[in-house]
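Tertiary structure, described
Okay, here's what each chain looks like letter by letter:
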Amino acid sequence: MKVADVNQCQIQEWYPKFKSVSIKTLIHQLPESFAQYLLDDSGPFLLPLSISDKDALPNRIHNPDEEEEDFQVSEGSGDDSEQSSVPPSFPELELEINESVKSLGGAVFPKLNWSAPKDSAWISTTGTLRCTSFCEIALLLRSSDSIIHDLCHAYDSCIDKTLSRPSNFFLALRKWYPSLRPEMEFRCFVRNQTLIGISQREVSTFYPVLLEKKSEIKEAISEFFDEKVRMRFELENYTVDVYVMKDGRVKLVDFNPWGAFTLPLLFSWEELEHNYRDQEDGVELRIVESQCGVRPGLKTAVPYDYLDTTPGSGWDQFLRNAGMELQRQAGAHDAGA
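Owing to the predicted nature of the structure, the values given are computational and were not obtained by experimental measurement.

Another point: the nonpolar core. In this structure, Phe186, Tyr238, Leu252 and Phe255 are the most contacted members of the largest nonpolar core, which totals 42 residues. Secondary structure elements with two or more residues in this core: helix H1 (3-8), helix H2 (11-18), strand E4 (185-191), strand E5 (194-200), helix H7 (208-229), strand E6 (238-244) and strand E7 (250-257). For this core, the leading source of residues is H7, giving 7 residues. With 28 residues, the next largest nonpolar core counts Leu38, Val101, Leu140 and Leu151 among its residues.

This is the structure in structure tokens:
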């Protein structure tokens with residue numbers, strides 16, 4: 001993999017060309033001061049001072065009758081808690097982002113050049129990536145370990161790496177659709193501009209509805225790839241995530257580099273290479289077809305799409321062991337039936 005391949009998968013690079021078939025998105029270039037704020041862990045956890053008087057977290061209800069003596073610090077005690085840090089402020093960026101949120105219907109989910117702060121959804125008031133203001137976006141980004149990939153390690157797997165980060169960072173605000181269902185997102189694997197495999201994206205749950213619609217889902221995705229993606233995206237080898245809507249239309253969600261830290265989900269990279277060499281059977285769509293086929297959820301401090309699953313790595317061994325155990329359970333289930 002080369003730096004140019006990774007760069008092509010940045011959302012600000014591919015979205016303008018595919019905006020008509022993707023989720024509505026507005027993109028802002030971030031000032032370097034905000035990028036440094038996201039990286040700074042030398043002091044206390046501080047959210048930016050808001051000029052719009054909005055708070056990312058609900059305010060504590062103050063009870064005047066409540067005894068607060070235990071929380072007071074006497075003067076001259078020398079306690080470090082006396083020295084309060086001044087929170088940063090990004091007024092121009094806040095105004096621009098809040099305006100974009102409003103124009104996108106009032107709710108968005110954020111994403112940097114490559115990654116979304118999925119690992120910090122727990123800290124939001126909704127438990128999701130849904131944001132309605134700059135303050136909520138800043139909370140998710142500042143709390144996320146996943147976006148450290150974008151900030152510091154984007155080119156770690158590149159053979160021609162000379163830099164550790166891109167020259168500029170971008171914040172993509174994507175319109176929030178509460179009706180989107182995780183089972184209808186799929187990852188497509190493209191080798192030499194040929195679609196060779198499709199995998200269910202969310203593999204930690206069994207969705208019976210996918211068994212019923214497997215054939216039509218495969219047909220819809222294949223047609224979408226041939227008509228809207230193939231020969232339009234600059235890379236020859238890559239993965240593309242798509243979402244299949246209720247009416248059968250397909251939306252483009254994201255691009256990722258081929259191999260390296262992009263997860264093959266229900267495939268292995270070896271299987272995908274074999275599929276490319278032997279294409280007589282056409283495109284294979286893999287879904288979780290029973291409760292026994294559920295893959296363990298991978299909740300880590302790095303982006304879901306950028307885990308080291310190369311042969312010999314810890315995650316490679318873990319996934320192999322998990323696969324063997326699932327096969328054993330499936331065999332025992334069949335024998336018992």
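Enumeration according to the criterion identifies 16 aromatic pairs in this entry. For the ring pair Trp14 and Phe255, a centre distance of 5.3 Å and an interplane angle of 75 degrees mean the geometry is edge-to-face. With Trp14 in helix H2 and Phe255 in strand E7, this pair connects stretches of sequence that are 241 residues apart. Centroid distance Phe233 to Phe255: 3.8 Å. Interplanar angle 5 degrees. Geometry classified as stacked. Of this pair, Phe233 sits in the loop between H7 and E6 while Phe255 is found in strand E7, placing the two residues 22 residues apart along the sequence. The same class applies to Phe233 as to Phe255, namely buried. Among the aromatic residues, ring-to-ring pairing joins Trp14, Tyr15, Phe18, Phe233, Tyr238 and Phe255 into one connected group. The side chain of Arg142 reaches across the aromatic face of Tyr37, ending 5.2 Å from its centre. The ring of Tyr177 has Lys175 lying over it, and the distance from NZ or CZ to the ring centre is 5.7 Å.

Strand order in the open sheet made by the 3 strands is E1-E3-E2, with antiparallel pairing throughout. What marks the edges here is a single partner per strand, and that holds for strand E1 (25-29) and strand E2 (108-111). Adjacent strand axes in the sheet meet at a mean angle of 20 degrees, parallel and antiparallel pairs treated alike. Of the strand pairs in this sheet, E1 and strand E3 (residues 170-175) are connected by 5 bridges, and their pairing is antiparallel. Within E3, the position partnered with Thr25 by the bridge is Arg174.

This next bit is on the sheet that holds E6. Across the sheet, 5 strands lie side by side as E7-E6-E4-E5-E8; this open sheet has mixed pairing. Edge positions in the sheet fall to E7 and strand E8 (284-286), since each has one partner strand and no second. Pairs of neighbouring strands in the sheet enclose a mean axial angle of 25 degrees, with direction left out of account. Relative to E8, E5 runs parallel, the two sharing 3 bridges.

With that settled, consider the confidence of the model for the protein. On average, residues of the protein score 84 in pLDDT, and 77% of them reach the 70 mark or higher. Low pLDDT, under 50, characterises residues 298-309; the stretch is placed with 46 contacts to residues that sit more than four places away or in other chains.

Turning our eyes to something else, we now look at the pattern of salt bridges. For the structure shown, the criterion picks out 12 salt bridges. Among the ionic pairs, Asp254 bridges to Lys111, the shortest N-O distance being 2.9 Å. Of the two residues, Asp254 sits in strand E7 while Lys111 sits in strand E2, which places them 143 residues apart along the sequence. What makes Asp254 buried here is its relative accessible area of 7%. We note a salt bridge from Glu284 to Arg286, for which the minimum N-O separation is 2.9 Å. Linked by salt bridges that have partners in common, Arg187, Arg201 and Asp241 make up one network.

The next subject is the packing of helix H4 (residues 91-103) against helix H5 (residues 134-143). Look at H4 against H5: their axes get within 9 Å of each other, and the N-to-C directions meet at 105 degrees. Compared by their axis directions, H4 and H5 come out roughly perpendicular. Counted together, Leu93, Glu94, Ile97, Asn98 and Val101 of H4 and Phe134, Cys135 and Ile137 of H5 form the full contact between these two elements. Within the contact of H4 with H5, the residues separate by chemical class into 6 nonpolar, 1 polar and 1 charged.

The rules we used
- Residues numbered from 1 in each chain as written.
- Predicted model: local features only at pLDDT ≥ 70, side-chain atom pairs only at ≥ 80, totals over all residues.
- Heavy atoms only, no water.
- Core = buried A, V, L, I, M, F, W, Y, C linked by side-chain atoms within 4.5 Å.
- Buried < 20%, exposed > 50% of the residue type's maximum accessible area, 1.4 Å probe, protein only.
- Helix = DSSP H or I, 4+ residues; strand = E, 2+ residues; numbered from the N terminus.
- Phe/Tyr/Trp six-rings, centres within 6.5 Å; stacked < 30°, edge-to-face > 60°.
- Lys NZ or Arg CZ within 6 Å of the ring centre and 35° of its normal.
- Pairing = 2+ DSSP bridges.
- Axes fitted to C-alpha atoms, helices over the stretch in contact; angles between N-to-C directions.
- pLDDT = per-residue confidence, 0-100.
- Contact = heavy atoms within 4.5 Å.
- Salt bridge = Lys/Arg side-chain N within 4 Å of Asp/Glu carboxyl O.
- Parallel < 35°, antiparallel > 145°, perpendicular 65-115°, else oblique.
- Nonpolar A, V, L, I, M, F, W, Y, C, P; charged D, E, K, R; others polar.

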